[in-house]
Amino acid sequence: MSPISAISPAKKQRLIRWCIHKGCLTFIRTLRFFGLIRYHFDIASLRAVHPGHIVTANHPSLIDVVLLLAVNEQICCIVKNAIWNNFFIGPVVRQAGFIPNNAEHFLPLAEARLKAGENILIFPEGTRTKADNIVRFKRGAANIAVAIGAPIMPVIIQCVPRGLKKGDKWYDIPAGGLNFTLRSSARLVVEDCIDIMLPRPQQYRHLTVFLENYYKKQLEDYTLSLSEAFEQPQRTT
């Protein structure tokens, strides 16, 4: 009997997620070593958050999920059907307890993970941000938050200059590399964001709009702060 087969399913899931985390961490450190990327993590609120949250993030580049898994040892991902059924990756994500986005019982699965003390990672855009750099959210994250009543931990990802975006090849990295910043904000509670007395469909729509506008404001403020920093006159000695 294989030693792995003797491990309980819960311990096996944690082990596989830990291995994924370490693999992603090694990968981004290798990219940094070769000067392809730089990164800065300002995620104290994410590290301090209790289990049972929906972790949302915008999706500017190809390696966003790698960066997020590199800073999270144990997190449940919502994955596309193509990844779930992939010959090479599929068995790993299934053993890791990830959730396919087209599962027939998607919400009950998500609710079970959250109640079991896990955090769930989802990209509300559903795919990488388009070339116009405008975030456009779908209702998946809002549906889970409203239906289950789970709080949201937003993570804002900034990539300067834009690279590895939708339509780019994996090897299309600008000269000088990419600079990634990951920032986590204060958690969002559904009843503080929208009127929970409205019918469910309206709650889904209103929370989606709220999150979309929230991310747009966060990204605009960050871009403005960078511009102001570059515009500061240099001190002379």
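Scope of this entry: the structure provided in the associated data block. (Residues numbered from 1 in each chain as written. Predicted model: local features only at pLDDT ≥ 70, side-chain atom pairs only at ≥ 80, totals over all residues. Heavy atoms only, no water.)

Observations concerning the side chain of T208
Thought 1: Tracing the chain through its elements places T208 in helix α9 (residues 200–231).
Thought 2: In contact with T208, other than residues within four places in its own chain, are F137, K138, R139 and A142. (Helix = DSSP H or I, 4+ residues; strand = E, 2+ residues; numbered from the N terminus. Contact = heavy atoms within 4.5 Å.)

Re the packing of aromatic side chains
Working definition: an aromatic ring pair is given by the centre-to-centre distance plus the angle between the planes.
Thought 1: Under the definition given, this model contains seven aromatic pairs.
Thought 2: A centroid spacing of 5.3 Å and a plane angle of 65° characterise the contact between F137 and Y215, whose relative ring orientation is edge-to-face. Here F137 is found in the loop between β5 (120–122) and α7 (140–148), whereas its partner Y215 is found in helix α9, with 78 residues between them in sequence.
Thought 3: Judged by its relative accessible area of 9%, F137 is buried.
Thought 4: What makes Y215 buried here is its relative accessible area of 0%.
Thought 5: Between the aromatic rings of Y214 and Y215, the centroid separation amounts to 5.9 Å while the plane-to-plane angle is 70°, which identifies the pairing as edge-to-face. Each member of the pair, Y214 as well as Y215, carries the same accessibility label: buried.
Thought 6: Here a set of aromatic residues connected by ring pairs shows up, and it is made of F137, F210, Y214 and Y215.
Thought 7: Over the ring of W84 we find R94; its NZ or CZ atom is 5.9 Å from the centre of that ring. (Phe/Tyr/Trp six-rings, centres within 6.5 Å; stacked < 30°, edge-to-face > 60°. Buried < 20%, exposed > 50% of the residue type's maximum accessible area, 1.4 Å probe, protein only. Lys NZ or Arg CZ within 6 Å of the ring centre and 35° of its normal.)

Quick notes on the nonpolar core
Soluble globular proteins tend to pack their nonpolar side chains together in the buried interior.
Thought 1: I28, I37, I63, L68, V155 and F180 are the most contacted members of the largest nonpolar core, which totals 37 residues.
Thought 2: Of all elements in the fold, only α1 (9–33), β1 (37–42), β2 (54–57), α3 (64–70), β3 (76–79), β6 (152–160) and β7 (178–184) reach the threshold of two or more residues within this core.
Thought 3: If you tally residues by element for this core, the top one is α1, at six residues.
Thought 4: Once you skip the residues sitting within four places of it in the chain, I37 turns out to touch I28, L31, R32, I63, L178 and F180.
Thought 5: In this structure, I78, I99, L188 and Y204 belong to the second largest nonpolar core, which totals 30 residues. (Core = buried A, V, L, I, M, F, W, Y, C linked by side-chain atoms within 4.5 Å.)

Re the pairing of β7
Thought 1: Among the seven residues in β7, six count as buried, and that is most of the element.
Thought 2: Pairing between β1 and β7: six bridges, direction parallel. Along β7, the bridge assignment pairs F41 with L182.
Thought 3: As judged from the six bridges shared by β6 and β7, these two strands associate in the antiparallel manner. Bridge pairing in β7 links V155 to S184. (Pairing = 2+ DSSP bridges.)

With respect to the side chain of T181
Thought 1: The residue T181 is located in strand β7 in this model.
Thought 2: Among the residues examined, T181 registers a relative accessible area of 7% and is labelled buried.

Re α7
Because an α-helix completes one turn every 3.6 residues, residues spaced three or four positions apart along the sequence face the same direction.
Thought 1: Restricting attention to buried positions, one finds in α7 the residues A141, A142, I144, A145 and V146.
Thought 2: One or two steps after α7, the chain reaches G149, where phi turns positive at roughly 75°.

Some words on the sheet that holds β3
Thought 1: An order of β1-β7-β6-β2-β5-β3-β4 is seen for the seven strands of this open sheet, with the pairing classed as mixed. The open sheet terminates on both sides in strands that have one partner only, identified here as β1 and β4 (99–100).
Thought 2: Each of β1 and β3 touches α1; the most contacted strand, β1, lies at about 130° to it. (Axes fitted to C-alpha atoms, helices over the stretch in contact; angles between N-to-C directions.)

As for the pattern of salt bridges
Thought 1: Scanning the entire structure with this criterion turns up six salt bridges.
Thought 2: We note a salt bridge from E118 to R17, for which the minimum N-O separation is 2.9 Å. A residue pair is termed long-range when its members are at least 10 positions apart, and E118 in the loop between α6 (106–115) and β5 and R17 in helix α1 qualify at 101 residues. No difference in accessibility class separates E118 from R17, as the two residues are buried.
Thought 3: As a salt-bridge pair, E212 and K216 come within 3.4 Å of each other at their nearest N and O atoms. Highlighted residues: E212 and K216, both in helix α9, separated by four residues, approximately one helical turn.
Thought 4: Residue class for E212 comes out buried when judged on its relative accessible area of 18%.
Thought 5: Residue class for K216 comes out partly exposed when judged on its relative accessible area of 26%. (Salt bridge = Lys/Arg side-chain N within 4 Å of Asp/Glu carboxyl O.)

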